[in-house]
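Commentary on secondary and tertiary structure
Here's the letter readout for the chains.
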Amino acid sequence: MSYIHETISDLKNTSPAQCEFYQAVEEVLESLAPILESNKLYQQQAIIQRLVEPERQIMFRVPWVDDQGQIQVNKGYRIEFNSALGPYKGGLRFHPSVNASIIKFLGFEQIFKNALTGLPIGGGKGGSNFNPKGKSDDEIMRFCQSFMTELYRHIGPTTDVPAGDIGVGAREIGYMFGQYKRLTGRYEGVLTGKSLLWGGSLVRKEATGYGVVYFAENMLSIKDESLKSKKCLVSGSGNVAIYAMEKLYQLGATPITCTDSTGTIFHESGIDLTLVKQLKEKSRKSLEAYLTEHNDAKFIPTSEYPSDGHAVWRIKADAAFPCATQNELTLADAKALIANGCQLVSEGANMPSTQDAINTLIDAKISYGPGKAANAGGVSTSQLEMAQNASMQTWSFEEVDQKLQIIMKNIFETAHQTAIEFGQPGNLVLGANIAGFKRVADAMLEQGVV
Ligand code: NDP
């Protein structure tokens, strides 16, 4: 058995029942084979065994009282995965599907993503199986306060700085920050994604979505192409999807789909983004309500999805932007995209494509931007928020956007050049994983066995 397969097999024995985590580890380790072969020090110093084991895993009870006076109990998590390059950094996800495996896969991915940005940030992730859907504002506040009542003792501006993710936006960050301040008496940059009124950064809200599209432009530019006039499939209709669609319009492309957990909207003439913002950012409704204003659009409920994938990827378009959740683009979806002439996939979500889908896209020479590179604009701008907080400065929208564009270009260049260096030009999975790994692994070597 090879060194890599042995590591994965050990992991399965020592951390049972964590399939999403194994999937993320396998994807990374498979592509590290060339660098592990070329530098035996990584094996001698057990870098891989240390990388797959989080430095710290915090699991806690989150009790809260609902509007009916009933006591509810959720599970809370913070996985502080790796701090070789800086304070742990990564979002909090509130979604009923959250469990230790999902938080560990997200935290593991975050190590390499953060390393790839070139910024001084380590990797972490957290969240809860709390479902914010259908909860009143008061219930959300009580939950967030209870969550922070445990989390506050583990985080700090130079130790661990959480941000948002699925189900955690400006409202939740606000309630958690309020409780942190109340418990500690400190006003400091302990969370990112804060409101602009009290320490947030311009462009943070837009950063992941804009970054995914900047990354796509970089992928196309080496083929002397651009997004202009391209029809684009987008999944999701949350923070990442909305601002990916906004940037697509700004660059002359047309997003023709978006999705949520109830179904898919297909609007051939172009998604009405103002309406999607209204439905999702303000009234928090199902996308089906889109039809009340656009009877030329089509809503495909999840009950009508193909059994082997997702309806959105079966629609003909030039480019695809998965921006909802993990494993939402399957092998059958990848084949359908290729058959329909799609030239590019740029991932806004974390691990949205299954491993066989990724292999198929790469084999077909589609421009494929893996999430850990393409969606790194969010965490990068979070780091810019930390820098502004630490220096007590506020930068303009243009200044932050300019920095974001440079960071996305650098990430692309790094992954692209590394893929060439290791003999697989165009394979940005390999390029991103090796480049991210090298930075974090070399820091670990220099810091000794800790
Ligand atoms: P939001 O909660 O704002 O939006 C998530 C969207 O995806 C919603 O439209 C939601 O539908 C849909 N969705 C979530 N889970 C499922 C599911 N199981 N099945 C179908 N649809 C689902 O989250 P974000 O936009 O912030 O995050 C989206 C993805 O991007 C995640 O993978 C996240 O990890 C990743 N990401 C986010 C970053 C950020 O800065 N926010 C940074 C980097 C990556 P509904 O409206 O019905 O709930």
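Relevant structure appears above.
Residues numbered from 1 in each chain as written. Predicted model: local features only at pLDDT ≥ 70, side-chain atom pairs only at ≥ 80, totals over all residues. Heavy atoms only, no water.

Near the ligand you find 25 residues, and of these R93, D165, T208, S261 and N350 are the closest. Here an oxygen atom of the ligand and a side-chain polar atom of D165 are 2.6 Å apart. For the ligand, an oxygen atom lies 3.4 Å from a polar atom in the backbone of G348. For the ligand, the accessible surface in isolation is 890 Å², of which the surrounding protein chains cover 83%. Elements with a minimum of two residues in the shell around the ligand: α8 (204-221), α9 (239-250) and β8 (257-260). Classifying every residue of the shell around the ligand by side-chain character gives five nonpolar, 13 polar and seven charged. (Near = heavy atom within 4 Å. Polar contact = N/O pair within 3.5 Å; in protein donor to acceptor, adjacent residues only side chain to side chain. Areas by Shrake-Rupley, 256 points an atom, 1.4 Å probe, with all protein chains shown as cover. Helix = DSSP H or I, 4+ residues; strand = E, 2+ residues; numbered from the N terminus. Nonpolar A, V, L, I, M, F, W, Y, C, P; charged D, E, K, R; others polar.)

The tally for this structure, following the rule as stated, stands at 22 salt bridges. The closest approach of N and O atoms between R153 and E150, which form a salt bridge, is 3.4 Å. One connected set of salt bridges, linked through shared partners, spans E27, E109 and K372. (Salt bridge = Lys/Arg side-chain N within 4 Å of Asp/Glu carboxyl O.)

Another aspect to go through is the environment of G199. Mapped onto the secondary structure, G199 falls in the loop between α7 (170-184) and α8. Overall, the relative accessible area of 29% leaves G199 in the partly exposed class. In sequence terms G199 and E188 are 11 residues apart; their C-alpha atoms lie 8.7 Å from each other. If we skip the residues at most four places from it in the chain, G199 touches K194, E385 and N389. (Buried < 20%, exposed > 50% of the residue type's maximum accessible area, 1.4 Å probe, protein only. Contact = heavy atoms within 4.5 Å.)

Turning to the packing of aromatic side chains, a few remarks are in order. By the definition in use, this model includes 17 aromatic pairs. Seen from their ring centres, F21 and F108 are 6.0 Å apart, and the 85° between their planes marks the pair as edge-to-face. Taken as a pair, F21 in helix α2 (residues 19-38) and F108 in helix α5 (residues 100-116) lie far apart in primary sequence, 87 residues in all. Side by side, F21 and F108 carry an identical accessibility label, which is buried. Geometrically, the ring pair formed by W64 and F130 is edge-to-face, given 5.4 Å between the ring centres and 85° between the ring planes. Note that W64 is positioned in strand β1 (residues 56-65) and F130 in the loop between β4 (122-128) and α6 (137-151), a separation of 66 residues in sequence. Each member of the pair W64 and F130 is classed as buried. Members of the aromatic cluster, each reached through a chain of ring pairs, are F60, W64, F94, F130, F143 and F147. Taking NZ or CZ as reference, K247 lies 4.3 Å from the ring centre of Y210, over its face. One residue, K403, lies across the ring of W395, its end atom 4.7 Å from the ring centre. (Phe/Tyr/Trp six-rings, centres within 6.5 Å; stacked < 30°, edge-to-face > 60°. Lys NZ or Arg CZ within 6 Å of the ring centre and 35° of its normal.)

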